[in-house]
Structures are given as structure tokens and as C-alpha cells.
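# Structural description and commentary
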Amino acid sequence: MVSLEEYLADPCGSLSIPYWKAKQISVPPGMEIVHHSRFRGEMAEGRAHSRFFRLIHRLRDIPRPASPPGVVFGPISPARAGELADVINRCYRHSGVRVTEEEVRGWADLPVCRPELWIGAFADGALIGSVIGEFDPEAGEGVIEWLQVLPEYRGRGIAAGLTARALEIMGGFAGFATVSGECENPTCPERVYRACGFEGDDVWHILR
């Protein structure tokens, strides 16, 4: 485990996950996480191999949040945890990710939870997309943890608008923000994050 000082000097290159999370969990048996600077092709031989980007935003030059016609951004209340879980599951079906309503409600009890960073995109009152952010006061780090837009509403700038709104809020109390995602994700989330000002070239290899 790196120190807080080491982490702050290079958040995306020193750890594959946010500092607060790295303090709480350990790498499972049979899994190896390797930064691209230390990765060699032979490490993946005979093993499942996936790549994840990790990007940083210094919370300067944040794009202005914008929602397309007919879509409204607003807070997600705890009462909509079931609806939020359904949206997440529909959006991440390709990767096998599945969350329950109870799990979503549990996120609100985490020490890094900031309710104002639970932001929904609504069309005719229905939740069609969302971003869930976190804040670690020890590191001064904002984290984009979940970003999703239902397939039928993609391509309208909703994901970028949600991200920009979360960054705008984080700018009021965080020193920087990070995000990570699967490099091979067919929805190309990295493109959205870079369009919103995230930068960096850190890639982490997950070997199982």
C-alpha cells in the first residue's frame, strides 16, 4: 500500500483504484494488477486479461453542463434506489455487472458518499441515466464511480452533461477527480471523460 503522499504525487499511476478504496480492500487470490509501465505480454499467457484506463481531472476548465431537449438533470433520491439499480444493470449487461437495490442503498452509507453527487438524467419523469460520484476528504479526491445512460438515449450528449455536472459540484470541495473504466468497453466511456477534460495515459492490467 502506498502512502497518502505517494498517492497524491501520482494518483493514477500509483494505484489502480482510489486511495480510500485501496485502504479497505486487498487483491483477491489469483489476481494480479500491473501498471502498463511494468506489464510484459508474457504475463498474460494462460490467464484472463483485461485493461482499465485511469484518468485525472484537475477541476480546472470544467465544461458547462448541458442537457439535450426533453432531458432534465436533477438529484436522485434514496427512494429511487430500485430504479437506479435497474438502469445500471441494463447499461452494464454486456460486462455481466449486476447490482441489487440493497447494494445501491448501501452506497449511501459509505463514508465517501456525497448525496449531491448522485445525479440523474430524467425524461418525462423517468430515470434514463445517472452519474454516481464520491468524495474522499482525506485525499481531497472526487471520484466518478458510476456513469450510465440507457442504450436508447445514447449519442445525445447526456453522459457528457452528467459528467460535467458532477465535476462542477466536485469543484466546490475537491482538489482533483479521478475515473477509471474498461478499455475495451464497447460504449467507449474514455472518449466521454476526455471530452470533459480528464487526461492521462495510465492503464492497469488485470490478470486472473
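As a starting point, this report considers the structure included with it. Computed from a prediction, not measured in an experiment: that's the story for all the values here.

## Observations concerning the pattern of salt bridges
This structure, assessed with the given rule, holds eleven salt bridges. Between Glu138 and Lys23 there is a salt bridge, with the nearest N and O atoms lying 2.5 Å from each other. Here the residue Glu138 occupies a position in the loop between strand 5 (126-136) and strand 6 (141-149), and Lys23 occupies one in helix 3 (residues 19-24), the gap between them amounting to 115 residues. You can call Lys23 partly exposed: its relative accessible area is 45%. Between Glu141 and Arg54 there is a salt bridge, with the nearest N and O atoms lying 3.5 Å from each other. A residue pair is termed long-range when its members are at least 10 positions apart, and Glu141 in strand 6 and Arg54 in strand 2 (residues 49-57) qualify at 87 residues.

## Concerning the sheet that holds strand 6
One open sheet holds the eight strands; their spatial order is 1-8-2-7-6-5-4-3, and the pairing between them is mixed. The two strands at the open ends of the sheet, each matched to only one other strand, are strand 1 (32-35) and strand 3 (72-75). Averaged over all pairs of adjacent strands, the angle between their axes in this sheet comes to 25°, without regard to strand direction. Across seven bridges, the pairing between strand 2 and strand 8 (residues 199-207) is antiparallel. Looking across to strand 8, one finds that Ile56 is bridged to Glu199. In this fold helix 4 (residues 81-91) packs onto strand 4 (113-123), strand 5 and strand 6, with an angle of close to 95° to the strand it touches most, strand 5.

## With respect to the packing of aromatic side chains
Inspection of the entire model under this criterion finds seven aromatic pairs. Between the aromatic rings of Trp107 and Trp146, the centroid separation amounts to 5.3 Å while the plane-to-plane angle is 20°, which identifies the pairing as stacked. Here Trp107, found in helix 5 (residues 101-107), pairs with Trp146, found in strand 6; they are 39 residues apart in sequence, far enough to count as distant. Note on Trp146: relative accessible area 14%, which makes it buried. Ring centres of Tyr193 and Phe198 lie 5.8 Å apart, and the angle between their planes is 70°; on these two criteria the pair is classed as edge-to-face. Each residue in the set Tyr92, Trp107, Trp118 and Trp146 is aromatic and connected to the rest through ring pairs, giving one cluster. The ring of Phe173 carries the charged tip of Arg114 above its face, separated from the ring centre by 3.8 Å.

## Considering the side chain of Asp202
Summarising the element assignment, Asp202 is placed in strand 8. Within the structure, the side chain of Asp202 is placed 2.7 Å from the side chain of His35, a separation counted as a polar contact. If we ignore the near neighbours within four places in the chain, the residues touching Asp202 are Cys12, Gly13, His35, His36, Phe52, Phe53 and Arg54.

## Digging into the side chain of Asp136
Among the secondary structure elements, Asp136 is positioned in strand 5. In this structure the side chain of Asp136 is engaged in a polar contact, spanning 3.1 Å, whose partner is the backbone nitrogen of Glu138. For Asp136, the contacting residues outside a window of four places in its chain are Tyr19, Trp20, Val112 and Glu141.

## Notes on the environment of Gly13
Summarising the element assignment, Gly13 is placed in helix 2 (residues 11-14). Once the C-alpha coordinates of Gly13 and His94 are considered, the two residues, 81 residues apart in sequence, prove to be 28 Å apart. Those residues in contact with Gly13 that lie beyond four places of it in its chain are His35, Asp202 and Trp204.

## Things to note about helix 6 (residues 158-170)
Taking 1.5 Å as the rise per residue, helix 6 with 13 residues should run 18 Å; its terminal C-alpha atoms sit 18 Å apart, in good agreement. With ten of 13 residues buried, helix 6 is to be regarded as a mostly interior element.

## Brief notes about the pairing of strand 6
For strand 6, a buried count of eight out of nine residues is recorded, marking the element as mostly surrounded by other parts of the structure. Here strand 5 runs beside strand 6; their pairing, made up of eight bridges, is antiparallel. The residue of strand 6 that forms the bridge with Ser130 is Gln148. Where strand 5 folds back on strand 6, the antiparallel hairpin that results is connected by four residues, among which Gly140 adopts a positive phi of roughly 70°. By the bridge criterion, four bridges tie strand 6 to strand 7 (residues 176-182) in an arrangement that is parallel. The partner of Glu141 across the bridge, within strand 7, is Phe176. Considered for its hand, the β-α-β crossover made up of strand 6, helix 6 and strand 7 is right-handed.

Cut-offs and rules
Residues numbered from 1 in each chain as written. Predicted model: local features only at pLDDT ≥ 70, side-chain atom pairs only at ≥ 80, totals over all residues. Heavy atoms only, no water. Salt bridge = Lys/Arg side-chain N within 4 Å of Asp/Glu carboxyl O. Helix = DSSP H or I, 4+ residues; strand = E, 2+ residues; numbered from the N terminus. Buried < 20%, exposed > 50% of the residue type's maximum accessible area, 1.4 Å probe, protein only. Pairing = 2+ DSSP bridges. Axes fitted to C-alpha atoms, helices over the stretch in contact; angles between N-to-C directions. Contact = heavy atoms within 4.5 Å. Phe/Tyr/Trp six-rings, centres within 6.5 Å; stacked < 30°, edge-to-face > 60°. Lys NZ or Arg CZ within 6 Å of the ring centre and 35° of its normal. Polar contact = N/O pair within 3.5 Å; in protein donor to acceptor, adjacent residues only side chain to side chain. Expected span 1.5 Å × (residues − 1). Right-handed = clockwise from strand over helix to strand, strands pointing away.

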